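# Working through the structure, step by step
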Amino acid sequence: MRIGVVGAGYVGLTTAACFAHLGHQVVCADVDESKVEALNAGEVALHEPGLSDLVAEGLGSGGLRFVTGSRLSDVDFTFVCVQTPTGADGEADLTAVEEVLDQVSGPAVVKSTVPVGTAAKHPGVVSNPEFLREGHAVEDFLRPQRIVVGAQDERQARAVADLYGATRAPVVLTDTTSAELVKYASNCFLALKLSYVNTLAELCEHLDADIDGVTEGMRLDNRIGASCLAPGPGWGGSCLPKDTLALLATARTAGIDFATLEAAISTNHHQPRRVVDRIREEVGPLDGVRIGLLGLTFKAGTSDLRDSPALVVAGILSGEGAVLVAYDPCVEQDRPGITVLPSAVEAAEGADVLLVLTEWPEFAELDWPELAKRVRNPLIFDTRGVVPPGKAAEAGFRLVRTGR
Ligand SMILES: NC(=O)C1=CN([C@@H]2O[C@H](COP(=O)(O)OP(=O)(O)OC[C@H]3O[C@@H](n4cnc5c(N)ncnc54)[C@H](O)[C@@H]3O)[C@@H](O)[C@H]2O)C=CC1
Ligand SMILES: O=C(O)[C@H]1O[C@H](OP(=O)(O)OP(=O)(O)OC[C@H]2O[C@@H](n3ccc(=O)[nH]c3=O)[C@H](O)[C@@H]2O)[C@H](O)[C@@H](O)[C@@H]1O
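In this text, all values refer to a predicted model and were calculated from it rather than measured experimentally.

The next point concerns the UniProt feature "domain: UDP-glucose/GDP-mannose dehydrogenase C-terminal" (unreviewed entry) in the protein chain. Here the UniProt feature "domain: UDP-glucose/GDP-mannose dehydrogenase C-terminal" (unreviewed entry) sits at residues 292-389. Annotated as 24% helix and 19% strand, the span residues 292-389 places its first and last C-alpha atoms 18 Å apart.

Put into C-alpha cells, the structure is as follows:
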C-alpha cells in the first residue's frame, strides 16, 4: 500500500520506517525542513535502537522518503502523527492535528493521542492509537501487544489493521470513540500503578520494609502484572503527564469525579519534593552543597528530557542553593543550573552527595572505588534502586535507597 505519514517525531518516524520495513511504499512529511533534510541524508536524531537501520533500509530500497510540509497526495492512507501537547485546562491541544486533518484528501488515520470524540467529528477519519514506549519504539511497533483500530465502519477498520499484517498481534476493532479511550485508559492505568508503588515505597521507608521484596511478591500475581512496579522520583516523559491531565479534563467535562486519577497526579507531584526532603534530612540545608546527579532523562534508554522528573528534582535542589553537576549517557549539553560532565567519575569529583535519578543499567556497573576517591563525602541517594548495595558499601559509600 502507499502510506503517508505526517510528523516525523518519535511516533511518525517509527511508523514510517516500520511500515516501509513491512513492505509498504511510505512518504513521511514534516514541517521542520532541517529535520527532513537530515532524514533524507539518513541522519536520525532520536535515540531509538534499530530506527537508524530501518531508515537507512527504507531510503536504500526507495520504499521510504521524506518531504517538507503537511500535505500528501497519491497515498492510500495518511497517518497523522503530530504532537498534542497539554493545552488550556489540561485538555490536549489539537491545533497541529486539526491543521493536518484539514489538508488530508484521502482516508486519514489518527495515531496522535487525541481527546475522546475527536475522530467522530471528522467523517471517515480512523483512530489507530499508538502504544510504543520510547527506547523500545521499533520493537514495540513491529511486535505490538495489540493493535487497536476504531472506525465508523468495520471494513475500513479491517483495512487499516491489515497494514500491520506481518506483526500478527491481537487486533481490537471498535468505534473511534472507544479506540481513543483505550489509549488514555491504558496510559492512565500505568500512571495509577506507578503512583501506587511510589506511595508504597514511601510507606516502606516508615515501616522499615523493603519495596523490592514487596513488589517481588506482588508481581508474581498475574492479575497485578510485572511492569510499572519500580519506584522512582515520579513518572514523567512526554505522554503520561499530559495524558493523565487530558483524561481528567475529559472526565470533568462529562461531570465524572475521577478521584483515583486525580490522586495519581497529585501523588506524582509530591515525589520530587520527597526526594529533596530525604536528602535534606541527611545532609542539612542544601545551600552550597555540591550534588553529582547521575541521570537526567525521564527514564533509561532514551535521550528525551521532556517532563523529566530528574529535571524537576534538580530545579528544587537548585532553588535551595545546591551546586549541580550531572552525568547522563545520553545528554551532552548543560541545562539551566546544571553543568553536564562527560563521565560519572567527573560528576563525582568533590561531590557532597551523589544522586541517582535515572535507571541507566550502566549505573549498576560504575567503578565505585574510583568514585569513592573522588567524592568529598561518600553518600549516595538512589531513587531507582540500580546501585548494588554490596559494591557501594565495599567502596565505603553509605547508600540511601528510596523505599528501603
Ligand atoms: N512519544 C511517544 O512515545 C508516544 C507519543 N504518542 C502520541 O503521538 C503524538 C506524537 O508524539 P511524538 O512523536 O512524541 O511527537 P514529536 O513532538 O516527537 O513529533 C511531532 C512531529 O510533528 C511535526 N509536525 C507538527 N505539526 C506538523 C504539521 N502540521 N505537518 C507536518 N509535521 C508537523 C513536528 O515538527 C514534529 O517533528 C502525540 O499525540 C503523542 O501523545 C503516542 C504513543 C507514544
Ligand atoms: O503514550 C505514550 O507516549 C507512551 O507512554 C508510555 O511510554 P513512555 O512515555 O515511553 O514511558 P514508560 O516506559 O511508560 O515510563 C513512563 C514513566 O514512568 C517511569 N517508570 C516506569 C516504569 C516503572 O516501573 N517505574 C517508573 O518509575 C519512567 O521512569 C517514566 O518516567 C507508555 O508506556 C506507552 O505505552 C505509551 O505509548
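Now that the structure is up, let's keep going.
Within the largest apolar cluster, 36 residues are counted, with the highest numbers of intra-cluster contacts made by Val5, Phe19, Val26, Phe66 and Phe79. Listed in part, the 27 residues of the second largest apolar core include Ala326, Val340, Leu355 and Leu357.

Take the environment of Leu229 next. Mapped onto the elements, Leu229 comes out in the loop between α8 (211-219) and α9 (240-253). Leu229 sits 141 residues away from Ala88 along the chain, and the two C-alpha atoms are 31 Å apart. If sequence neighbours within four positions are ignored, Leu229 has contacts with Lys193, Val197, Thr215, Met218, Arg219 and Ile224.

Another point: the site of ligand 1. For ligand 1, the set of nearby residues contains 28 residues, the closest of which are Asp30, Lys35, Ser70, Thr84 and Lys242. Tyr10 places a main-chain nitrogen or oxygen 3.1 Å from an oxygen atom of ligand 1. Asp30 is positioned with one of its side-chain polar atoms (N or O) 2.6 Å from an oxygen atom of ligand 1. Protein burial of ligand 1: of its 840 Å² of free accessible surface, 90% is covered by the chains. The set of elements that each furnish at least two residues to the shell around ligand 1 consists of α1 (10-21) and α4 (95-103). Looking at the shell around ligand 1 element by element, the count peaks at three residues for α4. Its residues assigned to classes, the shell around ligand 1 comprises 11 nonpolar, nine polar and eight charged.

Okay, the site of ligand 2 next. Surrounding ligand 2, one finds 20 residues, the nearest of these being Leu132, Glu134, Lys183, Ala230 and Cys239. Lys299 places a polar side-chain atom, nitrogen or oxygen, 2.9 Å from an oxygen atom of ligand 2. Listing elements by their share of the shell around ligand 2, those giving two or more residues are α7 (176-207) and α9. When grouped by side-chain class, the residues that make up the shell around ligand 2 number 11 nonpolar, two polar and seven charged.

The rules behind the values
- Residues numbered from 1 in each chain as written.
- Chains lettered and ligands numbered in written order.
- Predicted model: local features only at pLDDT ≥ 70, side-chain atom pairs only at ≥ 80, totals over all residues.
- Heavy atoms only, no water.
- UniProt positions renumbered as here; feature names shortened; annotations may be inferred.
- Helix = DSSP H or I, 4+ residues; strand = E, 2+ residues; numbered from the N terminus.
- Core = buried A, V, L, I, M, F, W, Y, C linked by side-chain atoms within 4.5 Å.
- Buried < 20%, exposed > 50% of the residue type's maximum accessible area, 1.4 Å probe, protein only.
- Contact = heavy atoms within 4.5 Å.
- Near = heavy atom within 4 Å.
- Polar contact = N/O pair within 3.5 Å; in protein donor to acceptor, adjacent residues only side chain to side chain.
- Areas by Shrake-Rupley, 256 points an atom, 1.4 Å probe, with all protein chains shown as cover.
- Nonpolar A, V, L, I, M, F, W, Y, C, P; charged D, E, K, R; others polar.

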